[in-house]
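One-letter residues, chain by chain:
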Amino acid sequence: MSLVNFTTREITCKIVYYGPGRSGKTTNLHYIYGRVPDSRRGRMVSLATQTDRTLFFDFLPIDLGQISGFATRFQLYTVPGQVYYNATRRLVLQGADGVVFVGDSQARQLDENLESLQNLQSNLLEHGVDVRTVPVVMQYNKQDLPRELILTPAELDDALNFRGVPSFSADALHGQGVFETLKAISELVLKRLAAGSTA
Amino acid sequence: MTSTLNPKFTFETFVVGAANRLAVTAGRTVAENPGSAYNPLFIYSGSGLGKTHLLMAIGHSAKALAPQLNIEYLTLDEYVEAFHAAIAAGQGDAFRRRFQNVDALLVDDVQFLTNRKEMQAELLRLTEALQQAGHQIVLTSDRPPAEIADLDERLISRFSGGLVVDIGTPDYETRVAILRRKAEERGARFQPGVLETAAGVEFPNVRELMGALNRLVAYQAVNETAINAETARQVLGVADAGVTAASSTAGASTAAGGAPGADEFSQFLTDVTTTVGKAVEAWRARVAEAVLRWEGQGYRTVRLEKLLDQDTPAAVDEEIAAYIHDVERLKALEAEVGALDPQAAGEKVFRDPERVAEAEAAAAKVRDGAAPPPAPSGAFSLDAYAAGASNDVALSAARAVIDAPGKKYNPLVFVGKSGLGKTHLLNAIGLELMKKKGAIVACLSTLGFVDELIAAIDGNRVDWWRARYRRATALLLDDIHLLAGKDRTQEELFNLFNQFLDGDRQLIFTAPAHPNTLHGLEERIVSRLEGGLVAEIGDPDRELRRTALERILSQQKLRAEPALLDYLADRPIDSVRSLTGLVQRVADAAAAQDQPVSAGLAREILEGQPPAGARRTTGFRTSGLVVSSAGGVRSREKMVWDWPSAADRLIEDLR
């Protein structure tokens, strides 16, 4: 993970949006894409099926410009959520500096959330990375759905967030919570990067 | 009417950053060369960015560099008031004269010239007059000359004719530097990140930044707990995103047409920048801050700038500390050199921490030139100085001088023939004077003094040479009569003389005769020599000779028999030095003959040599002259030179 390159004076952060299928990872990226000025964003690469399911992965590079003399870039990735694309997921996860776990707030999707979370853990382990050492934030998406269908952020925290990482309720379609999530993961990643560079 | 300069507003307290570097440099230049660099200097900036501070700093600096300068600082309003008052009193001309005579005129807030035609005319006249006389004008305003409404075209062109510089809003790093400096000045300590948080807020000017600092200081003082970055954010009312917001507001904002979208990104960007600035780039900020600080003080910062290019930020603080250490060393050297040779202190080398070694060498060179002047010789102690009636006056004068140098007899001149111990006494006084705290005693022969001056002239470092002697607290010159004919040295001595007398510093000289009988000395020096005490050292009396002899003998590790002492003390000598010669001769002869030194032997050696090849017995001379070993025969007159050979034999037989 070459995050900070002092010779070329670049900071590059790779952030992966992880989560079960149809939880709204690509929606997150789309919302961000729509809010980033043209000059700042690269081309969003999205390999989707005809029904708009992510087939391979989404990729959105964002150029944050010069920060303290460093050309700072964020690379946002999503993984395909469906269980059978695990090889792709593992590949995308490689070299991730931070992970946003996008959970589906619907009560009936709780098992998928748990399964995906376990999958994240095992995939990271395959890369020899302990999930406890990687910056992770939780996003409970679809909080705009009717109350009776969804679990509250508190309930989801109880069910999923057993490490007590920062969590955000979101409505990715309308943008609620999207940038908060991105900001939180960026801060975690950058802080870790700072700690790593002085070590 | 004229405001006084606020003593706090100096260049030292002005934090220099990218936004104001040009203005500060221009200001410094103007302060160093008023009237010749940029005239007029026009500084403009928004409120609270340091115009007044800079203006006063120029005043302070110019005053410090040239105290005789007449510097006027006033705001335009004060100028206008003064003008009106003067006109009302019918003193318009006096008013004009007053301002035409200032060497540097510093006018604050000239934007208020708007709609004041008569003041504009007045200022135009004044500007022209001052410029023609080569006097400096510095003006400040909150906008460039051309944007001051209703300003006379001629004034605009005048103002723009010099240098127009602006002070921008400070960047993040400068804001941090300012906050740290001010917090330090107030003795306030904050947790890491607090000041950075405050600096992260883009206040439009420094005054508001200070307000933020005040709030933090006050909050911390009231609560008696160290606040953290989070609390600081609350205290300063900085919006803290990152906490889950209610979804209803989100819905509303989205419904409003997605306008906040772009803001969301810039907000994100700001946050990331702050995070990076705070955490990742903390060391860089420290380096940048150090660069700004030392660059502002005029030091080369290449080393620190190189640090910024490095890959690994390891040991940054040590590097900065080492740099500061070097700068401190340079400062010390510069101060030291400045005291000795102000011209040399201006060398660039004292501003470049990369060349500390060179600076050391340069300082050493200067120091060498101004090394302590020659000190008295340790061989001549006061205890070893033989006292007697003949040098009583000189000795008591010497003691008085040692007790109160510069106060009683100044200058003190010892006169006497050669070999009477003038040099000894001179050095002895020097040694005693050196025992006093902080004393630098220059004690040398006049010839040495002349030689040094010649070498200094040769090496083009007469200033150093002078400085060297001027630092001395006492000047002791041996054989002042040797100055005869050395006009340049006499002149230098004359100047030194006056400085020493003015400073109540002791001067002691020796001369073979009364100063007014010496030839070749300038009248002004002679009269000054005579102005102190001239103490004569006479020919050594018998008592003194005896004392001196005892001392000489003990120095030679010879036994001082009374008979030997008496004999030697009675020898017709005219100086202590020849006494030493006598003893030396006797001692050498005794050693050569492998005999103890005795009065008899001394007599034998000093009064006549035995014929070669003669036999010798103790106490007798084979030449036939009978000499008691107790020294019974003392004068040549009583000696029988041609002893009958028969009697000679007879005595031999009798034995």
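Keep in mind that what you see is a predicted model, and the values were worked out from it rather than measured.

A word on the overall build of chain A
And then number 1: When you go through chain A residue by residue, the secondary structure sums to five helices and eight strands.
And then number 2: Going from N to C terminus, chain A has its helices and strands arranged as β-β-α-β-β-β-α-β-α-β-α-β-α.
And then number 3: Across the 199 residues of chain A, 50% fall into the buried class.
And then number 4: When contacts within chain A are restricted to residue pairs at least 6 apart in sequence, those whose partners lie at least 24 apart make up 69%.

Some thoughts on the sheet that holds strand S3 (residues 104–108) of chain B
All names here are of chain B.
And then number 1: Overall, parallel pairing links the five strands, which are arranged S2-S3-S4-S1-S5 in an open sheet. At either end of the open sheet lies a strand with only one pairing partner, and these are strand S2 (71–75) and strand S5 (163–167). Between one strand axis and the next, the sheet turns through 15 degrees on average, direction left out of account.
And then number 2: Pairing of strand S1 (residues 41–45) with S5, which is carried by five bridges, proceeds in the parallel orientation. Pairing of Leu41 across the sheet is with Leu163, part of S5.

Description of the pairing of strand S6 (residues 98–104) of chain A
All names here are of chain A.
And then number 1: With respect to burial, S6 is a largely interior element, seven of its seven residues being buried.
And then number 2: Residues Gly98, Val100, Val102 and Asp104 point to one face of S6 and Val99, Phe101 and Gly103 to the other, with burial holding for every one of them.
And then number 3: Judged from the four bridges that link them, strand S2 (residues 10–18) and S6 form a sheet pairing that is parallel. From the neighbouring strand, Ile15 faces S6, where its bridge partner is Gly98.
And then number 4: Bridge count for S6 against strand S7 (residues 136–141) is six bridges, and the pairing is parallel. Looking at the pairing, Val99 lines up with Val136 of S7.
And then number 5: In the classification by handedness, the crossover that spans S6, the intervening helix H3 (residues 110–126) and the parallel S7 is right-handed.

Details of unusual backbone geometry
Across the chain, the bulk of peptide bonds are trans and the bulk of non-glycine residues have phi less than zero.
And then number 1: Residue Pro40 of chain B follows Asn39 of chain B across a cis peptide bond; omega there is -5 degrees.
And then number 2: Here Pro40 of chain B shows up in the loop between helix H1 (21–32) and S1.
And then number 3: At the junction of Asn410 of chain B and Pro411 of chain B, the peptide bond is cis and its omega measures out at 0 degrees in the coordinates.
And then number 4: By the element assignment, Pro411 of chain B lies in the loop between helix H18 (392–403) and strand S6 (412–416).
And then number 5: Residues other than glycine seldom take positive phi values, yet Arg22 of chain A does so here, at roughly 65 degrees.
And then number 6: By the element assignment, Arg22 of chain A lies in the loop between S2 and helix H1 (25–35).
And then number 7: Residue Arg22 of chain A is classed as partly exposed on the basis of its C-beta count, with 18 C-beta atoms lying within 10 Å.

Here we look at the sheet that holds strand S10 (residues 533–537) of chain B
Residue and element names in this part refer to chain B.
And then number 1: Pairing in this open sheet of five strands is parallel, and the strands run S7-S8-S9-S6-S10 from one edge to the other. Sheet topology places strand S7 (441–445) and S10 at the edges, where each strand pairs with a single neighbour. Adjacent strand axes in the sheet meet at a mean angle of 15 degrees when their direction is disregarded.
And then number 2: Taken together, the five bridges between S7 and strand S8 (residues 474–478) define a ladder with parallel strand orientation. Bridged to Val441 within S8 is Ala474.
And then number 3: Running over the sheet, helix H20 (residues 446–458) touches S7 and S8 and is turned about 100 degrees from S7.

Definitions and cut-offs
- Residues numbered from 1 in each chain as written.
- Chains lettered and ligands numbered in written order.
- Predicted model: local features only at pLDDT ≥ 70, side-chain atom pairs only at ≥ 80, totals over all residues.
- Helix = DSSP H or I, 4+ residues; strand = E, 2+ residues; numbered from the N terminus.
- Buried ≥ 20, exposed ≤ 12 C-beta atoms within 10 Å, placed from the backbone.
- Contact = placed C-beta atoms within 7 Å.
- Pairing = 2+ DSSP bridges.
- Axes fitted to C-alpha atoms, helices over the stretch in contact; angles between N-to-C directions.
- Right-handed = clockwise from strand over helix to strand, strands pointing away.

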